[in-house]
Amino acid sequence: MRPNDHQLIEYAARRAELMRRIGADGVAIIPSATEVTRARDTQYRFRQDADFAYLTGFKEPDAVAVIVPGRKDAEGNPADFILFVRPRNAEREIWDGRRHGPEGAIAVFGARQAHSIEALDAELPKLLAGRETLHYTLGEYPALDPKIIAVVKHIRDVARRGAVAPHTVVALEQTLHEMRLLKRPAEIELQRTACEVSAAAHVRAMRATRPGRNEWEIAAEIAAEFSLNDCEPGYGTICGGGDNACILHYTENNAVLKDGELLLIDAGAEYRGYTGDITRTFPINGHFSAAQRAVYEVVLAAQLAAIEELTVGNSAGRPHEIATRVLTEGLVKLGLLKGEVDELIRADKQKQFYMHGTGHWLGMDVHDVGRYKLAGEYRVFEAGMVMTVEPGLYIAPGTEGVDPVYWGIGIRIEDDVLVTEQGPEVLTSGVPKLVSDIESLMATRA
Ligand code: CA
């Protein structure tokens, strides 16, 4: 897809900011994703590497972007953004689809210079020579790592003749990923759409659920809503009825939904490279039992309290602290844990029922980039960060010392929250989560 003028300006602004961060003596190398074989000669649907997409908007595999702040060509024109891409190839394009080639990389995507990817080995030494710091994440791109190491060594070997070789290699966590953590206005718009479509899919799933249907039928409703809104799944949909909800990464999605049990769905739509991430848990027959409701209200209280912590300047560790406290208090009230709340938390006793974290950064990747701690301490929230808030309780069938009425109940409630100067903004409020709202919605089922 061709980027429009607004998008081109946006990508250029991101590159300019990256150049500012890496400085005049830096150079950054950002590889695209490559196609992955699914079966013999067919590939998985291609997904561009998020770092590469963020800076270029270029959607083809087997490309490399090189950002060289301040670089000029022989005529003195800016030459700070170089793309290496697959060359045009009439025959391959008939089979695999259109390619922009180096000409298109310049004309359509605004590269200052572009070459065939086959020229990478020959051109890289010229781009790296004289730069002190190389910004590149070693270990992520096994095919490229040895080439880059060889280029650096080559420049160092000839350095006696005056060239300077990069002496420091910095992972992109330090620069690009810190940029991606703080969403720009254009990104927030896309994030919003992804969250709205995700919410609509969960509403559709609630409306479609009834005893006797299969998990895969409900997963199909989710997939249909994504596809019909020009989205694809941001990750594998989890659709687990009954005690399948207690399997955190359940993706079999092939069991019959039973009257009297709950259905847990964790699914998010990806729109233009940004993904939503929502979990809802609701009764298959449309009515919570007393035991289900009791556990649900504890998880919901924990989620609502944790969301309130996503405020500018607050510690990013607070949502989990608060959720853990509210859940543990609830477990004591329900009789699932016995003892004093602080003691129980100190001894991690709640982990028997709540064994995961309360949230993660969200954006282009579902578990998005960005550090959680700086110098060993949780960082503070800033406007433009997006985090999931997803406490849960999972009571495995047959748990000793627990009233059997709770066995097999697994509940998670997850929303996506944007940190703003005005406070936390829930981007996924389009799907109900109060008991009464869920029951009302399900009462309207056909
Ligand atoms: Ca999730």
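Every value quoted in this text rests on a predicted model; they were computed, and no experiment measured them. Going along each chain's sequence as written, the residues are numbered from 1 onward. Whole-chain, interface and lining totals are the exception, using all residues; otherwise, since this is a predicted model, local features are given only for residues with pLDDT of at least 70 and side-chain atom pairs are given and counted only at 80 or more. With hydrogens and water set aside, each side-chain value is computed from the structure's full complement of heavy atoms.

## A closer look at the domain arrangement of the protein chain
Put simply, the rule reads: Boundaries between domains were set according to an automatic or database domain assignment. We call two residues in contact when some of their heavy atoms are within 4.5 Å. The quantity reported as buried area is the accessible area (1.4 Å probe) lost by two parts once they are put together, taken as the sum for both. Whenever Lys or Arg places a side-chain nitrogen within 4 Å of a carboxyl oxygen from Asp or Glu, that contact is recorded as a salt bridge. Nitrogen and oxygen atoms within 3.5 Å of one another constitute a polar contact, given that in protein one can donate a hydrogen and the other can accept it, and given that sequence-neighbouring residues count only through two side-chain atoms. Segments assigned H or I by DSSP are reported as helices when at least four residues long, segments assigned E as strands when at least two residues long, and all are numbered from the N terminus. By the convention adopted, Pro, Cys, Tyr, Trp, Phe, Met, Ile, Leu, Val and Ala count as nonpolar, Lys, Arg, Asp and Glu as charged, and the other residues, Gly among them, as polar.
Domain annotation for the protein chain reports domain 1 (5–179) and domain 2 (182–442). Taken over C-alpha atoms, the centre of domain 1 sits 37 Å from the centre of domain 2. Counting residues at the interface gives 13 residues for domain 1, matched by 14 residues for domain 2. Across the interface of domain 1 and domain 2, roughly 1200 Å² is buried in total on both sides, 39% from carbon and sulfur atoms. The largest share of the area that domain 1 buries against domain 2 comes from R47, H177 and E178, three residues that together contribute 39% of it. For the pair domain 1 and domain 2, the interface holds 6 salt bridges. In this structure, E232 and R45 form a salt bridge, with 2.9 Å as the shortest nitrogen-oxygen distance. Applying the counting criterion to the domain 1 and domain 2 interface returns 9 residue pairs in polar contact (both at pLDDT 80 or more). If you list the elements that add at least two residues to the side of domain 1 that touches domain 2, you get α1 (5–22), α2 (50–56) and α7 (176–181). Classifying every residue of the side of domain 1 that touches domain 2 by side-chain character gives 5 nonpolar, 2 polar and 6 charged.

## Re the packing of helix α8 (residues 185–208) against helix α9 (residues 215–228)
The relative placement of two packed helices is expressed as an angle between their axes plus a distance between the axes. Convention followed: Fitted lines through C-alpha atoms give the axes, limited to the stretch in contact for helices. The angle between two N-to-C directions lies from 0 to 180 degrees. Handedness of a crossing is defined here by the sense of rotation of the near helix relative to the far one, left-handed for an anticlockwise turn of less than a right angle and right-handed for a clockwise turn.
At their nearest, the axes of α8 and α9 sit 8 Å apart, and the two run at 145° to each other. Relative to α9, the crossing made by α8 is right-handed. On α9, the residues touching V197, S198, A200, A201, H202, R204, A205 and A208 of α8 are I218, E221, I222, A224, E225, F226 and L228. Taken together, the residues of the contact of α8 with α9 sort by class into 10 nonpolar, 2 polar and 3 charged.

## With respect to the sheet that holds strand β8 (residues 168–170)
Heads up, the rule is: Only when DSSP finds a minimum of two bridges between them are two strands counted as paired.
Spatial strand order, β6-β5-β4-β1-β7-β8: 6 strands in an open sheet with mixed pairing. Lying at the two open borders of the sheet, with one neighbouring strand each, are β6 (113–116) and β8. Each neighbouring strand pair of the sheet contributes to a mean axis angle of 20°, computed without reference to strand direction. Inspection of the sheet shows strand β4 (residues 64–67) paired to strand β5 (residues 81–85) by 4 bridges, in the antiparallel sense. Of the residues in β5, the one forming a bridge with A65 is L83. Contacts from α1 reach β1 (26–31), β4, β5 and β7 (133–135), with the element oriented near 135° to β1.

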